[in-house]
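Given next are the chains, with one letter for each unit.
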Amino acid sequence: MTIRAFDYAHQTTVPNPRHVASLVRFIESGVKTPDHRGFGVEIEHLPIRKSTGKAVTYAEPHGIRNVLQALAQFYDPTREYYEDGHLLGLGRDGISVSLEPGGQIECSLGVLNHADDLEALYHEFRRDLDPVLDRFGIRLINFGYQPDTSYKEIEIIPKSRYHAMQKYFSHIARYGFCMMRASASTQVSIDYFSEKDSIDKLRIGTAVGPILAWFFRNTPFFEKEPNPFPLLRQEMWDHIDPQRTDQLWGLYDDNYDWEHYAVDVLTTPVFIADLSHTPEYTGDKPVFAAPFDTAADLYPDRELNQAEINHLISTHFNDVRLKNFIELRHWDSLPLPRAQRLTEIVANLFYDRAQFEGLLSYFDGLRAVDVREAKADLQAHGEDARPYGQPLEFWREFLHVEGTLDTEPGDPERPDVFQK
């Protein structure tokens, strides 16, 4: 008997067929030719006050709002993002600056043609930003969690989506507030060349991501104490909301395809409704918490537009996420040299055909439960873990994870502080 996990998901919820077709076409639009091997890299930074080491919030005097206002002169004024009069994002060719819920500063860099391109673009980002930070007495650090500030001390930025998210997480999540307000990550995005290639990459990325997370772990602290979790980011996300985190449902089923992915996105309650780009909406509160409503309940019976699709996908936080590219989301915030090394490793694993074929062969027959076991093993046993039955030194060699720059500090002013 073949048991397919997806057959037991969303058992009474039926998506709108036009919505399904919209998502499938959106994913199909991301198919690239094999000679197009681009990257996108996102690095989130924790802002702290130079004088105290405490987290800097958006609205406080000389805070993140002032930083964005002063930084805006270096960016394209047509790409400024406001909500209710609050400046929340900036953009120009190659660089986007946005804020995470607790005021963490994220730079999105790319599309890059080579991992080596990251350094120049990141230095361009910091060239403009650092003098502004100095003016307001702020510096940025790259850890996975605020070192000297509790989530309770951090206010959410004035963005409707995040306030709706906070309301939802306050009722259902174990670490929702911690993740939103005090954590920071590194994410790497890659291209796919066909439906099969995208699913192969989703499966391999989901399988090896936790192992790479171990080699690039970078969270010395949690709630102002030494971090007790080998993989704090995994611990937080896996317990936030299982219907939209961890693995994609049914990913390792033998018949998994883009339509399954689309149905999953559309039949999971959106938890945050965003109708701000829905022309038919006539109310005055387009963004609100919607813990039980699915896309079919909220959106008209027509093809979804790109803004609606992007919002729906953004309400899922799986370890590996499919947009019109593939987003690998396992990793703590990393200083630039480590982020660049991680990008190089991802490039070799997913774009070097021989290496990728080797991974597909090795993980042939992998099951969802095997990935769950590997993640639990890493969390429970740390350096003594044996994910998929092999010690971590095997994985260092097999995945070519040499030179992870473990002595590169996440905070240059605390050069001896690392995750144990």
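Per an unreviewed UniProt entry, the recorded name for the protein is Glutamate--cysteine ligase, and the organism is Bifidobacterium margollesii. A UniProt comment under Sequence similarities (unreviewed entry) is attached to the protein, and it reads "Belongs to the glutamate--cysteine ligase type 2 family. EgtA subfamily." Looking at the protein in UniProt, the text filed under Function (unreviewed entry) is "Catalyzes the synthesis of gamma-glutamylcysteine (gamma-GC)."

*Asks:* Help me understand the environment of Pro17, please; the structure alone is not making it clear to me.
*Replies:* Position of Pro17 relative to the elements: it lies in helix α1 (residues 17-28). For Pro17, a relative accessible area of 64% puts it in the exposed group.

*Asks:* Where do I start with the environment of Lys196 in this structure?
*Replies:* Inspection of the secondary structure assignment puts Lys196 in helix α6 (residues 195-215). Along the backbone, Lys196 and His260 are 64 residues apart, and their C-alpha atoms lie at a distance of 13 Å.

*Asks:* Is there a simple way to explain the pattern of salt bridges in this structure?
*Replies:* Taken as a whole, this structure holds 32 salt bridges when the rule is applied. Arg321 is the salt-bridge partner of Glu327, the closest N and O atoms lying 2.7 Å from each other. Judged by relative accessible area, Glu327 falls into the buried class, the value being 1%. Taken together, the salt bridges that share partners define one network made up of Arg92, Glu124, Arg127 and Asp128.

*Asks:* Quick question: what am I supposed to make of the layout of surface pockets here?
*Replies:* With a probe scaled to a water molecule rolled over the atoms, the places where space remains empty come into view. Estimated volume of the second largest pocket: approximately 680 Å³. Looking at the second largest pocket, it is lined by 31 residues, and the ones nearest its centre are Gln247, Leu251, Tyr252, Arg367 and Ala368. For the lining of the second largest pocket, the secondary-structure elements that each account for two or more residues are α6, β10 (245-246) and α13 (368-381). Residue composition of the lining of the second largest pocket, grouped by class: 15 nonpolar, five polar and eleven charged.

*Asks:* Looking at this structure, I do not really get empty space enclosed by the protein. What am I missing?
*Replies:* One pass over the structure, following the stated rule, counts one cavity of 30 Å³ or more. Size it by volume and the largest cavity reaches roughly 170 Å³. Where the lining of the largest cavity is concerned, the elements lending two or more residues are α6, α7 (232-238), β13 (317-318) and β15 (326-332). It is α7 that provides the largest number of residues to the lining of the largest cavity, a total of five residues.

Analysis parameters
Residues numbered from 1 in each chain as written. Predicted model: local features only at pLDDT ≥ 70, side-chain atom pairs only at ≥ 80, totals over all residues. Heavy atoms only, no water. UniProt positions renumbered as here; feature names shortened; annotations may be inferred. Helix = DSSP H or I, 4+ residues; strand = E, 2+ residues; numbered from the N terminus. Buried < 20%, exposed > 50% of the residue type's maximum accessible area, 1.4 Å probe, protein only. Salt bridge = Lys/Arg side-chain N within 4 Å of Asp/Glu carboxyl O. 1 Å grid on protein atoms, 1.4 Å probe; cavity = no way out; pocket = protein on both sides within 12 Å on 5 of 7 lines; lining within 4 Å. Points joined across faces, edges and corners; volume = space filled by probe spheres on them. Nonpolar A, V, L, I, M, F, W, Y, C, P; charged D, E, K, R; others polar.

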